[in-house]
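Descriptive analysis of the structure
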Amino acid sequence: MDHLILILELFGTAAFSVSGAMAAIHRKLDLFGVIFCACITALGGGVLRDMLLGILPPKMFTNYLYLAVAGAAALITFLLAKPVIEAEKNSRSIFIAGFIFDTAGLCVFTIIGMNIAISSGYFSNPFFVVFLGMTTGCGGGILRDILLRRIPLVFSKHVYAVASILGGIIYMLLLSLTSVSDTAAIAISMGAIFLIRSLAAYFRWNLPKAV
Amino acid sequence: MDHLILILELFGTAAFSVSGAMAAIHRKLDLFGVIFCACITALGGGVLRDMLLGILPPKMFTNYLYLAVAGAAALITFLLAKPVIEAEKNSRSIFIAGFIFDTAGLCVFTIIGMNIAISSGYFSNPFFVVFLGMTTGCGGGILRDILLRRIPLVFSKHVYAVASILGGIIYMLLLSLTSVSDTAAIAISMGAIFLIRSLAAYFRWNLPKAV
Amino acid sequence: MDHLILILELFGTAAFSVSGAMAAIHRKLDLFGVIFCACITALGGGVLRDMLLGILPPKMFTNYLYLAVAGAAALITFLLAKPVIEAEKNSRSIFIAGFIFDTAGLCVFTIIGMNIAISSGYFSNPFFVVFLGMTTGCGGGILRDILLRRIPLVFSKHVYAVASILGGIIYMLLLSLTSVSDTAAIAISMGAIFLIRSLAAYFRWNLPKAV
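Residues numbered from 1 in each chain as written. Chains lettered and ligands numbered in written order. Predicted model: local features only at pLDDT ≥ 70, side-chain atom pairs only at ≥ 80, totals over all residues. Heavy atoms only, no water.

Per the secondary structure count, chain A includes 8 helices and 0 strands. In chain A, the succession of α and β elements from N to C terminus is α-α-α-α-α-α-α-α. Each principal axis of the C-alpha atoms in chain A carries an extent, and together these give about 50 × 40 × 35 Å. With 211 residues in all, chain A has 52% of them scored as buried. The long-range fraction of contacts in chain A, counting pairs at least 24 apart against all pairs at least 6 apart in sequence, stands at 75%. When the accessible area of chain A is evaluated, it comes to approximately 9000 Å², of which 70% is carbon and sulfur surface. Mean positive and mean negative side-chain charge positions of chain A (14 and 9 charges, respectively) differ by 11 Å. (Helix = DSSP H or I, 4+ residues; strand = E, 2+ residues; numbered from the N terminus. Buried < 20%, exposed > 50% of the residue type's maximum accessible area, 1.4 Å probe, protein only. Contact = heavy atoms within 4.5 Å. Areas by Shrake-Rupley, 256 points an atom, 1.4 Å probe, with all protein chains shown as cover. Lys, Arg positive; Asp, Glu negative; His and termini not counted. Charge placed at Lys NZ, Arg CZ, Asp CG, Glu CD.)

Turning chain A through 120° and shifting it by 0.0 Å along the axis lays it on chain B, with an RMSD of 0.0 Å. A rotation of that kind, with that shift, is consistent with a three-fold axis. Taking C-alpha positions as reference, the residue of chain A nearest the rotation axis is R149 of chain A, located at 3.9 Å. Interface residue correspondence from chain A to chain B reaches only 14%, placing this contact among heterologous pairings that use different surfaces. (Least-squares fit on C-alpha atoms with pLDDT ≥ 70 in both.)

We now examine the packing of helix α1 (residues 2-26) of chain C against helix α3 (residues 65-79) of chain C. Residue and element names in this part refer to chain C. Taken N-terminus to C-terminus, the directions of α1 and α3 make an angle of 40°; their axes are 8 Å apart at the nearest point. In terms of orientation, α1 and α3 fall into the oblique class. As α1 packs across α3, the resulting crossing turns out to be right-handed. Here L6, E9, L10, T13, A14, S17, V18, A21, M22 and I25 of α1 lie close against α3, whose contacting residues are L65, Y66, V69, A70, A73, A74, T77 and F78. In the contact of α1 with α3, the residues fall into 14 nonpolar, 3 polar and 1 charged. (Axes fitted to C-alpha atoms, helices over the stretch in contact; angles between N-to-C directions. Parallel < 35°, antiparallel > 145°, perpendicular 65-115°, else oblique. Left-handed = near helix turned anticlockwise from the far one by under 90°. Nonpolar A, V, L, I, M, F, W, Y, C, P; charged D, E, K, R; others polar.)

Before going further, it helps to examine the interface of chain C and chain A. At the interface, 29 residues of chain C touch 25 residues of chain A. It is I151, F155 and V211 of chain C that lose the most area in chain C upon contact with chain A, and together they represent 28% of the buried surface on that side. Seen at the junction of chain C and chain A, the total is 0 salt bridges. Taken together, the connections running from chain C to chain A amount to 6 residue pairs in polar contact (both at pLDDT 80 or more). For the side of chain C that touches chain A, the elements supplying multiple residues, two or more each, are α2 (31-53), α6 (126-147) and α7 (161-177) of chain C. The leading source of residues in the side of chain C that touches chain A is α6 of chain C, at 6 residues. In terms of residue class, the side of chain C that touches chain A is built from 22 nonpolar, 3 polar and 4 charged. (Buried area = accessible area lost by both parts, 1.4 Å probe. Salt bridge = Lys/Arg side-chain N within 4 Å of Asp/Glu carboxyl O. Polar contact = N/O pair within 3.5 Å; in protein donor to acceptor, adjacent residues only side chain to side chain.)

Here L29 of chain A lies in the loop between α1 (2-26) and α2 (31-53). L29 of chain A sits in the buried class, given a relative accessible area of 4%. Those residues in contact with L29 of chain A that lie beyond four places of it in its chain are A24, V34 and L148 of chain A together with I151, F155 and K209 of chain C.

Residues and elements named next belong to chain A. Taking 1.5 Å per residue, 22 residues should reach 32 Å; helix α6 (residues 126-147) reaches 31 Å between its end C-alpha atoms and fits that length. If you look at α6, its biggest bend is around 50°, right at C138. Across the 22 residues that make up α6, a large majority, 18, are buried. Positive phi shows up at R149, right after α6, with a value of about 65°. (Expected span 1.5 Å × (residues − 1). Bend = angle between axes of the 7 residues up to and from the residue.)

All names here are of chain C. Counting through the fold element by element, T178 comes out in the loop between α7 and α8 (182-202). Note on T178: relative accessible area 37%, which makes it partly exposed. Separated by 69 residues in sequence, T178 and F109 place their C-alpha atoms 23 Å apart. Polar side-chain contacts of T178 include one of 2.6 Å to the backbone oxygen of L174. Here V180 takes part through its backbone nitrogen, which lies 3.4 Å from a polar atom of the side chain of T178.

This part is about the packing of aromatic side chains. Counted by the stated rule, this structure contains 33 aromatic pairs over all chains. With 4.9 Å between their ring centres and 50° between their planes, F61 of chain A and F131 of chain C make a pair best called tilted. Of this pair, F61 of chain A sits in the loop between α2 and α3 (65-79) while F131 of chain C sits in helix α6, placing the two residues on different chains. With a relative accessible area of 1%, F61 of chain A lands in the buried category. Between the aromatic rings of Y202 of chain A and F203 of chain A, the centroid separation amounts to 5.2 Å while the plane-to-plane angle is 90°, which identifies the pairing as edge-to-face. (Phe/Tyr/Trp six-rings, centres within 6.5 Å; stacked < 30°, edge-to-face > 60°.)

On to the relation of the copies chain C and chain A, then. Both copies of the chain are related by one operation, a rotation about an axis with a shift along it. Rotating chain C by 120° and moving it 0.0 Å along the rotation axis overlays it on chain A with an RMSD of 0.0 Å. Both copies present different contact surfaces, since only 14% of the interface residues of chain C are interface residues in chain A too.

Here the focus is the pattern of salt bridges. When the charged atoms of two side chains with opposite charge come close together, those side chains can pair. Residues and elements named next belong to chain A. Across all of its chains, the model carries 12 salt bridges over all chains by this definition. A salt bridge links D145 to R150, with the shortest nitrogen-to-oxygen separation between them at 2.7 Å. Note on D145: relative accessible area 1%, which makes it buried. The exposure class of R150 is partly exposed, given its relative accessible area of 24%.

Contacts between chain A and chain B engage 29 residues on the former and 25 residues on the latter. Between chain A and chain B the total buried area reaches about 2400 Å² when both faces are included, carbon and sulfur atoms providing 78% of it. Sorting the residues of chain A by area buried against chain B places I151, F155 and V211 of chain A first, and these three jointly supply 28% of that buried surface. Seen at the junction of chain A and chain B, the total is 0 salt bridges. Linking chain A with chain B are 5 residue pairs in polar contact (both at pLDDT 80 or more), by the criterion used here.

So, about the confidence of the model for chain A. Overall, the predicted model of chain A reaches an average pLDDT of 91, with 99% of residues at or above 70. Across the predicted assembly, pTM comes out at 0.92 and ipTM at 0.87. (pLDDT = per-residue confidence, 0-100.)

This brings us to unusual backbone geometry. The omega torsion of the bond from L56 of chain A to P57 of chain A falls at 0°, within 30 degrees of zero and hence cis. Residue placement: P57 of chain A occurs in the loop between α2 and α3. Here K28 of chain A, not a glycine, exhibits a phi torsion of approximately 65°, which is positive. One can find K28 of chain A in the loop between α1 and α2. Although it is not a glycine, R149 of chain B sits at a positive phi angle of roughly 65°. Mapping R149 of chain B onto the fold places it in the loop between α6 (126-147) and α7 (161-177). Residue classification places R149 of chain B among the partly exposed residues on the basis of a relative accessible area of 33%.

Have a look at this one:
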């Protein structure tokens, strides 16, 4: 299971990095801007979480595996940007691949963020745990959008943060009220996030607006 | 007095939350975006203050009363948005009510932020105390404006942050140089903030511009 | 040497403050907005660095010399804004003076940020040290651009952050692999940053873009 989590985590890191790099490339940033923006997208949520938890310096500065993966993914995206942008125009499969990677990242980052909050001693403060899961999952994208001067997508995208929150609640309920193994709880709640977000995207569910 | 402070604080939280929710509704955000933006507006200043003080996790994650009030105020604003927006067009009294709530929030948050800084041991560093008062009072609005991609209002609005700073200086002077009771010092300096901001708004005082 | 560093640091603080003030003046902010924006530009990088290091409250709140310099520089800029903007139109020398001050600031802030990281015990984590050097040198400008709703200049300007990173790597290599004195290592790496950025500006070097 630990191996699977690590693999998913690296996938998620790479996927978030690619999404940050593509956004920066569309804004015509240069090589440094693209890599910086990609790393912020991939690692920024975890940095925010660690700053709120008082884990200083943040974990990304004590284990560089994630930064290396994010940087490599950004560089590859930069080098392949021309053909990828061409392909995006003609094919839906690249879009779908991007969606799957990004959603996998959201699932893993949410649960990992919660586990770090729990192992820091906040199991008895479930709102904080769920909030840090959402921060880990969505924070990097919010920072990316602030830097690129967009209204954060998470505010308008079909149930993105909400999927993370619902999955987080399910995870806390499973840990608190049932006797399922940790592994099963992780698998179920990550599956729930994936399912909720996929259904929302497929059926174009939107949260209501006021006016 | 403690009761009065708590009531004012909850009023201020609700008022800031409503201001964040209305700004998000005008930008066509969905339900999640509206609630998130309202809570950032109401609680973000305190989070910034606690991060600068090293109070981690920030206080909003250890006492959920404020979050509950902010969330409820945002939800009610969301539900009542249509008639409120209609009414805004036809009546000045809603605008005035909003101004009074918001200014009450600024008064209370400034003094509460200063008291938290003082009880963390920084009485001998008055600039830091006044700065944290202003951060508590204005930080949420700045975060709201960054998220909604506006130039922070506090940079251009008639003496908003300046009222907070002047009130903070008055509070420090009263505590340091006079023998008035804490209660009186709080009341006088909150009244000063309210008065300065109200006079500035009424007479349309503006700070000078360079060109 | 310590005296020279202090003088350069105060020059850098003033230069960054002027750059923040001018940006705010061009955006028609009022006196408070100009001074706030200038101080964020001059001191924000150090605040970010200290928050990542867990130095709370940040150093700017325990030694007010830098704030005083930043505030004074901002006020003078505000008062002289009209003739300066006139002069900018007609003369290249003011532009060049601004460039030299700003680059001096980048050099000094990079190396000072690194030294604070090293004295906090992170010499064995060179990536973190170089990152904090860049954060100290570039963070204030990034915050300025976020507040003024611009895409951070550092993402598109000719090798600005990259000069800071390269100088930081040179400094770490000199400290780790050679026996040059600290003073010489500081002078060489600051000179390298100045040279790289000046050459990049003169020859209009740009980092590559993807498309």
